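Below, each chain spelled out in residue letters.
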Amino acid sequence: MTTAAVFGICGALAAGLGLYGVIANPQPLRKILAFNLLSSGVFLLFGVVARRGTAAAFSGDPVPQALVITGIVVAAAGTALAVALLLRLLQTSGSATLTAEAAVSDDTVE
Amino acid sequence: MTIDTVLDGGLAALVLAVGCWIIVARDSFAAAVGFVAYGLLLTLVWVRLDAIDVALMEGAIGSGLTGALLLRASSRLRSTEASVALEPPPFILRAGAALLSAIVAAMLAVAVLYLPEPAPTLAPEAAANAGATGMGNAVTNVLMAFRAMDTMLEKVVLLVALAGIWSLARDRLWGGRPGPLYRTDPKAPLTFLAQVLPPIGIVTGIYMLWVGADAPGGAFQGGTIIAAMWLLVMMAGLADAPPVGNRRMRLTLIAGPLLFLIVGFGGLWLGDAFLGYPAAYAKPLILVIEFAMTLTVAVTLGLLIAGPPEREPTS
């Protein structure tokens, strides 16, 4: 198996793991963590595509690599925004759950 | 089976094991610590995939910055954990989620294993046009010249995210400082580290920016290191986060994208197209943009971690 194939499978499995966490984990922070896992798996698939595109004395295709760099930054910005929203939810409702009844019963006005 | 395959397989297994830990760990703080380790392992994977620029980015942003953000959030949310952990989702939901993710993972794996041969690549084009910018790093060429629009918009996304975070402030706190990042006593080892490390870190950051023209590195990686130094100083309590109303800080925030836009529109007039650099000045222009961008990135990332204003404005 080539390096690209090994890490291609690794990326696919990481994306699957992340997807499971996003759906199955009830805690919002853990959903954010799982979402990052999912995105890292997708980035790895990009990396594999870049690695396969070896040509013209380059060890990989630079275009997908540059796209992944942009993607990592955008994912980090999204994570920062999601964490801020979550902390704000904790501040206003006193709990950090996404279940409807908790949001209604604990809702307090500042 | 060669030794390379064995090492790659071991690394992939380690990545997936830490990934499983992040999903199943009981304690969110432990999961966040796992995420930092996961990011560092991914950095090694990117090195194995010969993408050193991406490896630097993953280590700096994916593991470091996102890790710091999640660690901080998980320690703040710790008090709420006990009540949530008591209500696990129904079995049927977990089984369905497991099935769905297994199908998605299998389809992705099959797709990636049966990609077309020979692999389509833009590397020859990138190599053929490298002379247009005078820079040796193909990834920097793509980021700053061939796909400059993406990079410019990415900076705007960062600003939008920061505006989104600030907009979560309470009305009366608008214009105030973000919550303090420090909770240590002034004699702690952290303070010493925050006094010794920043000069080295700032030089490393600028070096990273400069060397990015021809070797792995670049504006974003350099800016992230400088941001880390700033955060270290703020976490040790040696400096405070600036109030979000601070005019000079806001100017720094928009300096990078603004300069990028000015050069971009200048390209309409002097070059061939929007963001088309005039050939004779391509490298100096790119360097000027990258310098402004490094500053902007450093300040933006620091403020993304600091969060919304939480203290009353003083004046």
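Only a predicted model underlies this, so the values are computations on that prediction, with no experimental measurement involved.

Please clarify how the overall build of chain B should be interpreted in this entry.
When you go through chain B residue by residue, the secondary structure sums to 11 helices and zero strands. Expressed as lengths along the three principal axes of its C-alpha atoms, the size of chain B is roughly 65 × 65 × 35 Å. Across chain B, every contact between residues at least 6 apart in sequence was considered, and the portion connecting residues at least 24 apart equals 73%.

Explain the overall build of chain A here, please?
Helices and strands together make up the secondary structure of chain A, namely four helices and zero strands. Secondary structure elements in chain A, listed N-terminal to C-terminal, are α-α-α-α. By the burial criterion, 65% of the 110 residues in chain A qualify as buried. Look at the contacts in chain A between residues 6 or more apart in sequence, and 43% of them connect residues 24 or more apart.

I'm lost on the domain arrangement of chain B in this one. Help?
How big an interface is tends to be stated in terms of accessible area lost as the parts join. Residue and element names in this part refer to chain B. Split into domains, chain B comes out as domain 1 (1-78 + 85-120) and domain 2 (129-315). The centre of domain 1, based on its C-alpha atoms, is set 27 Å off from the matching centre of domain 2. Domain 1 puts 10 residues into the contact, and the matching count from domain 2 is 11 residues. A breakdown of the residues in the side of domain 1 that touches domain 2 according to their chemical character gives eight nonpolar, one polar and one charged.

For this particular structure, what's the right way to read the interface of chain A and chain B?
The interface of chain A with chain B comprises 71 residues on the first partner and 82 residues on the second. Secondary structure elements with two or more residues in the side of chain A that touches chain B: α1 (3-24), α2 (28-52) and α3 (62-93) of chain A. Here the residues of the side of chain A that touches chain B sort into 47 nonpolar, 18 polar and six charged.

In this structure, what is going on with the environment of Met1(A)? I would like to understand it.
Examined against the element boundaries, Met1(A) turns out to sit in the segment before α1. Here Met1(A) is in contact with Val6(A) and Thr5(B), once residues within four sequence places are set aside.

Explain the packing of helix α8 (residues 189-211) of chain B against helix α9 (residues 219-235) of chain B to me, please; I cannot follow it from the model alone.
For any two helices packed against each other, one specifies the crossing angle of their axes together with the interaxial distance. Residue and element names in this part refer to chain B. Relative to each other, α8 and α9 sit at 165°, their axes nearing to 8 Å. Between α8 and α9, the angle is such that the two are roughly antiparallel. The chirality of how α8 crosses α9 is left-handed. Counted together, Leu190, Leu193, Ala194, Leu197, Pro198, Gly201, Ile202, Thr204, Gly205, Ile206, Met208 and Leu209 of α8 and Ala219, Gln221, Gly222, Gly223, Ile225, Ile226, Ala228, Met229, Leu232, Val233 and Met235 of α9 form the full contact between these two elements. When grouped by side-chain class, the residues that make up the contact of α8 with α9 number 17 nonpolar, six polar and no charged.

Would you mind going over the packing of α1(A) against helix α4 (residues 91-113) of chain B with me for this structure?
Closest axis-to-axis distance for the α1(A)/α4(B) pair is 8 Å, and the angle between their directions is 160°. Taken together, the axis directions place α1(A) and α4(B) in an arrangement best described as roughly antiparallel. Classified by chirality, the crossing of α4(B) by α1(A) is right-handed. Taken together, the residues that form the contact of α1(A) with α4(B) break down as 21 nonpolar, three polar and one charged.

Honestly, the nonpolar core in this entry has me stumped. Any pointers?
For soluble globular proteins, the rule of thumb is that nonpolar side chains tend to be buried together. Core analysis: the biggest nonpolar cluster contains 126 residues, and Leu33(A) and Val83(A) have the highest contact counts within it. The greatest single-element share of this core, amounting to 16 residues, is contributed by α3(A). The two domains that each donate at least three residues to this core are domain 1 (1-78 + 85-120) and domain 2 (129-315) of chain B. Once you skip the residues sitting within four places of it in the chain, Val83(A) turns out to touch Ile32(A), Leu69(B), Leu70(B) and Ala73(B).

Criteria and thresholds
Residues numbered from 1 in each chain as written. Chains lettered and ligands numbered in written order. Predicted model: local features only at pLDDT ≥ 70, side-chain atom pairs only at ≥ 80, totals over all residues. Helix = DSSP H or I, 4+ residues; strand = E, 2+ residues; numbered from the N terminus. Contact = placed C-beta atoms within 7 Å. Buried ≥ 20, exposed ≤ 12 C-beta atoms within 10 Å, placed from the backbone. Domains from an automatic or database assignment. Nonpolar A, V, L, I, M, F, W, Y, C, P; charged D, E, K, R; others polar. Axes fitted to C-alpha atoms, helices over the stretch in contact; angles between N-to-C directions. Parallel < 35°, antiparallel > 145°, perpendicular 65-115°, else oblique. Left-handed = near helix turned anticlockwise from the far one by under 90°. Core = buried A, V, L, I, M, F, W, Y, C linked by C-beta atoms within 7 Å.

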